[in-house]
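So you can see what is in the structure, the chains are spelled out below.
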Amino acid sequence: MFNYDAPADLLQNKVVLVTGAGSGIGRTAALTYARHGATVILLGRTISKLETVYDEIEDNGWPQAAIYPMNLEGASEQDYANLAATLEQEFGHLDGLLNNAALLGELKPIAQYDAETWRRVMQVNLTAPFLLTRELLPLLRNAEQASIIFTSSSVGHEGRANWGAYSVSKFATEGLMQTMADEEDGISQVRVNSLNPGATGTAMRASAFPAEAPDDNATPEDIMPLYLYLMGKDSLDANGKAFHAQR
Ligand code: NDP
């Protein structure tokens, strides 16, 4: 497990956006960032789940969060531009972006892989993070030191039978991360890295491995040290790197 002991005030006065913040790893990351002082923008497609996270942050007395409902499958370029304009008006900058939301799609060999599922998975896992990150880049460049985290996977580093569009989308995510990291290097304070959570007990994991017992895997809480490290100032020197939460 990646080892990092985050100071309690690591993200004080920071504004951080998390996609897929209503459930799974994204939910825990949003709560963890808020607990460490960040104002978290909770982006996701199910408003009721986002509201529950919002309430939990409020009940704990952490900095008030913001809810931004968005379906990454259907969002248009204009929707991303509207989000950027809202954040510009509200905060003027963005200190961190965790691209976390993703779709598993179906586990099938390429020979039988459905084209529509392929399109949906690529949209949510790759095109949406590209559009979101592109639109938010000016705000990230406005921050003193900003961190962009792309969520990867073990099958984004080594292909595995039946992982189809999901695997390919994660390989491409690594490419997007490396390309952006090289582009920002030297011209801005923005750092761009990828994070592979490793096997973690969530709805996605359960749907990929239905036979597993719930406590066979790490919990989202277990892997938070790397999420904190990459979002906070102790990772200022990291750019263009692939990190693994459980190696
Ligand atoms: P979950 O399926 O549990 O959660 C996915 C999140 O993404 C949910 O909040 C979901 O919202 C959101 N989401 C899905 N589709 C959309 C959409 N169209 N628009 C907006 N939000 C959407 O997955 P995990 O928490 O397990 O995964 C988080 C990240 O970690 C993903 O990038 C995944 O690929 C990666 N990962 C996970 C591993 C694991 O073992 N769990 C291993 C390796 C990588 P809603 O709840 O409303 O559906």
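Scroll up to find the structure this text is about.
Quick notes on the rules
- Residues numbered from 1 in each chain as written.
- Predicted model: local features only at pLDDT ≥ 70, side-chain atom pairs only at ≥ 80, totals over all residues.
- Near = placed C-beta within 6 Å.
- Helix = DSSP H or I, 4+ residues; strand = E, 2+ residues; numbered from the N terminus.
- Nonpolar A, V, L, I, M, F, W, Y, C, P; charged D, E, K, R; others polar.
- Buried ≥ 20, exposed ≤ 12 C-beta atoms within 10 Å, placed from the backbone.
- Pairing = 2+ DSSP bridges.
- Contact = placed C-beta atoms within 7 Å.
- Axes fitted to C-alpha atoms, helices over the stretch in contact; angles between N-to-C directions.
- Parallel < 35°, antiparallel > 145°, perpendicular 65-115°, else oblique.
- Left-handed = near helix turned anticlockwise from the far one by under 90°.
- Right-handed = clockwise from strand over helix to strand, strands pointing away.
- Core = buried A, V, L, I, M, F, W, Y, C linked by C-beta atoms within 7 Å.

Let us now look at the site of the ligand. Close contacts around the ligand come from 27 residues, with G20, G24, T46, A102 and T202 the closest. Elements with a contribution of two residues or more to the shell around the ligand: α1 (24-35) and α6 (203-208). Class assignment of the residues belonging to the shell around the ligand gives a composition of 10 nonpolar, 13 polar and 4 charged.

For strand β6 (residues 190-196), a buried count of 7 out of 7 residues is recorded, marking the element as mostly surrounded by other parts of the structure. Both strand β5 (residues 146-151) and β6 contribute to a ladder of 6 bridges, which runs parallel. When the bridges of β6 are listed, A146 appears paired with V190. Sheet analysis places β6 next to strand β7 (residues 242-244), joined by 3 bridges and oriented parallel.

Quick look at helix α7 (residues 224-231) now. Buried residues dominate α7, accounting for 7 of its 8 residues. Of all the positions in α7, only M224, L226, Y227, L228, Y229, L230 and M231 are classed as buried. The elements touched by buried residues of α7 are β1 (15-19), α1, β4 (96-99), β5, β6 and β7.

All right, on to unusual backbone geometry then. In this structure, N13 takes a positive phi of about 65° despite not being glycine. When you line up the elements, N13 lands in the segment before β1. What makes N13 exposed here is the crowd of 10 C-beta atoms within 10 Å.

On to the packing of helix α3 (residues 77-90) against helix α4 (residues 115-142). Packing of α3 against α4 leaves a shortest axis separation of 9 Å and a crossing angle of 25°. By the criterion of interaxial angle, the relationship of α3 to α4 is roughly parallel. Of the two elements, α3 crosses α4, and the hand of that crossing is right-handed. When α3 is examined against α4, the residues E77, Y80, A81, L83, A84, L87 and E88 are found in contact with a partner set consisting of L131, L132, E135, L136 and L139. A class-by-class count of the residues in the contact of α3 with α4 yields 9 nonpolar, no polar and 3 charged.

Let's shift gears to the packing of α1 against helix α2 (residues 47-59). Helix packing geometry: the angle between the two helix axes and the distance between the axes. Relative to each other, α1 and α2 sit at 25°, their axes nearing to 10 Å. By the criterion of interaxial angle, the relationship of α1 to α2 is roughly parallel. Crossing handedness for the pair α1 and α2: right-handed. Residue-level contacts link R27, A30, L31 and A34 of α1 to V53, E56 and I57 of α2.

This brings us to the environment of F150. Along the chain, F150 turns up in strand β5. Taking the number of C-beta atoms within 10 Å as the measure of exposure, F150 has 28 and is therefore buried. Taking the C-alpha atoms as reference, F150 lies 7.8 Å from E174; in sequence the two are 24 residues apart. With near-sequence residues (within four places) excluded, F150 lies in contact with N99, P129, T173, L176, M177 and S194.

Okay, the pairing of strand β3 (residues 66-69) next. Bridging between strand β2 (residues 39-44) and β3 involves 4 bridges; their strand directions are parallel. Paired with G44 across the two strands is P69, which belongs to β3. Handedness of the crossover is the feature at issue here: the chain leaves β2, passes through α2, returns alongside β3, and the resulting connection is right-handed.

Now for the nonpolar core. One finds V16, V18, A30, Y33, V40 and L42 to be the most contacted residues of the largest nonpolar core, which totals 63 residues. The greatest single-element share of this core, amounting to 8 residues, is contributed by α4. Residues contacting Y33, with those up to four places away along its chain left out, are L11, V16, V18, A38, V40 and M231.

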